[in-house]
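# Reading the structure
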Amino acid sequence: MMDLVIVGGGIGGLAAALAAARAGCRVTVLERRDVMSELGAGIQLAPNAFHALDRLGVGDAVRDRCVRIETLRLMDGTSDETLAAMPLTGAYRTRFGHPYAVVHRADLHRPLLDACRDAGVELRVDSGLTRYEQGAVDVTAVLADGERVRGHALIGADGIRSTVRAQLLGDGEPRVSGHTIYRSLVPMDSVPQELRWNAVTLWAGPKWHLVHYPIASGEFLNLAVTRDDGARQAVAGVPVPRERVLGEFPGLGSYPRRLLELGRDWRTWVLCDRDPVGTWTEARVALLGDAAHPMLQYAAQGACQALEDAVVLGGLLDGAGPDDVPQRLEKYAAARRERTAKAQLVARRMGERLYHPQGRAATERNAMLATLSTTDMYDAVHWLHGERTFLAPGVG
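Below is a summary of the structure that appears in this document. Note that the structure is a prediction, hence the values are computed from the model and not measured.

### Description of the packing of aromatic side chains
For the structure on display, the rule yields 10 aromatic pairs. With 6.2 Å between their ring centres and 80° between their planes, Phe96 and Tyr378 make a pair best called edge-to-face. Residue Phe96 is located in helix α4 (residues 91–96), and its partner Tyr378 is located in helix α12 (residues 374–385); the two are separated by 282 residues in the primary sequence. No difference in accessibility class separates Phe96 from Tyr378, as the two residues are buried. Centroid distance Trp197 to Trp203: 5.9 Å. Interplanar angle 35°. Geometry classified as tilted. Here the aromatic residues Tyr92, Phe96 and Tyr378 are joined through ring pairs into a cluster of three or more. The positively charged end of Arg73 is found above the aromatic ring belonging to Trp197, 5.1 Å away from the centroid. The ring of Trp383 carries the charged tip of Lys342 above its face, separated from the ring centre by 4.2 Å.

Below you can see the structure in the form of structure tokens.
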């Protein structure tokens with residue numbers, strides 16, 4: 001039996017662990033924190049994520065916790081006018097095979113965690129990695145306390161500031177986007193009825209936008225509001241006063257202003273990503289999820305792409321022996337690099353061209369959107385939402 005060590009117990013790490021365990025591997029997950037949990041609030045799941053979740057065997061459990069969304073809406077955040085609306089029922093679900101849904105991150109993480117336990121995955125907390133060491137037939141994870149955990153392969157699923165990536169690539173800190181995001185969860189019973197929309201709604205303004213949608217089976221409204229403010233220092237999850245958030249967005253129209261005023265207990269992040277890279281592997285070590293291809297949130301595909309990674313990795317490890325590892329990991333990377341790189345770059349462009357343009361650029365965006373039919377919008381997202389094999393073109 002092949003032994004696999006996965007560094008990171010988030011969504012990508014647990015999905016990879018589950019896929020590998022079901023492929024016949026003996027799997028150990030190393031999480032540096034003292035608990036296996038997922039930080040954050042809402043997350044969007046396009047149909048490609050549900051194709052992956054079904055192949056992992058947890059699709060139904062996630063569906064039980066999700067809110068199926070009826071529409072994606074892009075609104076003018078200063079005038080309250082609708083710029084575009086893509087229906088997500090009927091023809092959309094027929095074409096793409098699954099709903100578009102939103103969940104609390106914990107409601108995606110928990111089914112993966114439970115399934116890993118049922119599959120016999122060893123889940124270890126307080127197990128921070130300091131480095132790995134490769135031998136001819138194995139790889140060893142060296143932990144902060146000096147303990148050594150051996151496997152035939154090691155997967156770095158330890159996020160955007162991955163320790164595994166730092167050793168494998170040595171490419172420094174992530175790219176700071178200059179975008180500051182503020183997030184809040186609002187109990188739905190405090191949201192006026194006329195603002196309770198079963199939609200992912202984005203209010204776009206000059207160098208800012210606000211997104212909201214229901215999560216946790218509709219018990220909360222997820223609010224996220226972002227400014228393209230040129231921030232240069234990475235920040236993660238820092239509490240900020242409500243008054244500061246309200247003061248950052250003076251140009252909001254009436255509807256988004258009412259939504260913003262509902263927020264309490266705000267926290268802020270400065271968004272980061274990385275450029276696509278051509279190297280994900282080193283012999284018996286490979287990267288996965290945000291460790292391999294961290295992306296901005298504008299395409300709502302970060303977790304979706306990590307789930308896809310896991311499915312492809314599990315399929316390639318099925319039937320593999322220790323001697324096959326380097327070749328199988330390189331094949332995994334070759335299968336995933338092109339698709340994830342495109343998603344990274346598209347996410348950046350969406351932030352620039354759809355979410356934050358101002359002046360003439362905003363006018364041109366509005367004119368372009370006005371020409372699109374529903375079928376045009378489905379065609380535009382087909383490469384992401386409609387994918388079921390999760391492979392680069394020409395890779396089988």
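Now, onward.
### Here's the deal with the side chain of His212
For His212, the position within the fold is in strand β15 (residues 208–215). A distance of 3.0 Å separates the side chain of His212 from the side chain of Trp203, its partner in a polar contact. With near-sequence residues (within four places) excluded, His212 lies in contact with Trp197, Ala199, Val200, Thr201, Trp203, Leu221, Asn222, Leu223 and Leu259.

### A look at the packing of helix α9 (residues 302–317) against helix α10 (residues 325–355)
Interhelical geometry of α9 versus α10 gives an angle of 160° and a closest axis separation of 9 Å. Classified by the angle their axes make, α9 and α10 are roughly antiparallel. Considering the relative orientation of α9 and α10, their crossing is right-handed. Between α9, through Gln305, Glu308, Asp309, Val312, Leu313, Leu316 and Leu317, and α10, the contact on the second element is made entirely by Arg328, Leu329, Lys331, Tyr332, Ala335, Arg336, Arg339, Thr340 and Ala343. Taken together, the residues of the contact of α9 with α10 break down into 8 nonpolar, 2 polar and 6 charged.

### A few points about the sheet that holds strand β1 (residues 3–7)
Spatial strand order, β8-β2-β1-β12-β20-β19: 6 strands in an open sheet with mixed pairing. Strand pairing shows two members of the sheet lacking a second neighbour, β8 (122–124) and β19 (281–282), which therefore form its edges. Relative to strand β20 (residues 285–287), strand β12 (residues 153–156) is paired through 3 bridges, and the arrangement is parallel. Looking across to β20, one finds that Gly156 is bridged to Leu287.

### Structural notes on the pairing of β1
Burial analysis of β1 places 5 of its 5 residues in the buried class, which makes it a mostly covered element. Burial of β1 is two-sided: the residues Asp3, Val5 and Val7 facing one way and the residues Leu4 and Ile6 facing the other way are all buried. Taken together, β1, helix α1 (residues 11–22) and strand β2 (residues 26–30) form a β-α-β motif whose crossover is right-handed. Pairing analysis gives 4 bridges linking β1 to β12, with the strands arranged parallel. Along β12, the bridge assignment pairs Leu4 with Ala153.

### Thoughts on the environment of Arg336
With respect to the helices and strands, Arg336 occurs in helix α10. A relative accessible area of 0% places Arg336 in the buried class. Taking the C-alpha atoms as reference, Arg336 lies 17 Å from Leu53; in sequence the two are 283 residues apart. Beyond its immediate chain neighbours, meaning those up to four positions away, Arg336 contacts Trp280, Gln305, Glu308, Asp309, Val312 and Phe390. Within polar-contact distance, the side chain of Arg336 engages the side chain of Asp309 at 2.6 Å.

### Observations regarding the pattern of salt bridges
As enumerated under the stated definition, the model contains 24 salt bridges in all. A salt bridge links Arg258 to Glu194; its shortest N-O distance comes to 2.7 Å. Here Arg258 is found in helix α8 (residues 254–262), whereas its partner Glu194 is found in the loop between β13 (175–187) and β14 (199–205), with 64 residues between them in sequence. Residue Arg258 is classed as partly exposed on the basis of its relative accessible area of 33%. In this structure Glu194 comes out as partly exposed when scored by relative accessible area, which is 43%. In the salt-bridge network here, residues are joined through shared partners; they are Arg175, Asp273, Asp275 and Arg348.

### A word on the nonpolar core
Residues Val27 and Leu112 are the most contacted members of the largest nonpolar core, which totals 71 residues. In contact with Val27, other than residues within four places in its own chain, are Leu4, Ile6, Ala17, Ala20, Ala21, Val121 and Glu122. Within the second largest apolar cluster, 32 residues are counted, among which are Ala46, Tyr92, Ile215 and Val381.

### As for the state of the cysteines
Counted according to the given criterion, the structure contains 0 disulfides. Free of any disulfide, Cys116 has its nearest neighbouring cysteine sulfur in Cys25, separated by 13 Å. Of all cysteine sulfurs, the one in Cys66 lies closest to Cys304, which takes part in no disulfide; the gap is 12 Å. Judged by its relative accessible area of 1%, Cys304 is buried.

What counts, and where the lines are drawn
Residues numbered from 1 in each chain as written. Predicted model: local features only at pLDDT ≥ 70, side-chain atom pairs only at ≥ 80, totals over all residues. Heavy atoms only, no water. Phe/Tyr/Trp six-rings, centres within 6.5 Å; stacked < 30°, edge-to-face > 60°. Helix = DSSP H or I, 4+ residues; strand = E, 2+ residues; numbered from the N terminus. Buried < 20%, exposed > 50% of the residue type's maximum accessible area, 1.4 Å probe, protein only. Lys NZ or Arg CZ within 6 Å of the ring centre and 35° of its normal. Polar contact = N/O pair within 3.5 Å; in protein donor to acceptor, adjacent residues only side chain to side chain. Contact = heavy atoms within 4.5 Å. Axes fitted to C-alpha atoms, helices over the stretch in contact; angles between N-to-C directions. Parallel < 35°, antiparallel > 145°, perpendicular 65-115°, else oblique. Left-handed = near helix turned anticlockwise from the far one by under 90°. Nonpolar A, V, L, I, M, F, W, Y, C, P; charged D, E, K, R; others polar. Pairing = 2+ DSSP bridges. Right-handed = clockwise from strand over helix to strand, strands pointing away. Salt bridge = Lys/Arg side-chain N within 4 Å of Asp/Glu carboxyl O. Core = buried A, V, L, I, M, F, W, Y, C linked by side-chain atoms within 4.5 Å. Disulfide = S-S within 2.5 Å.

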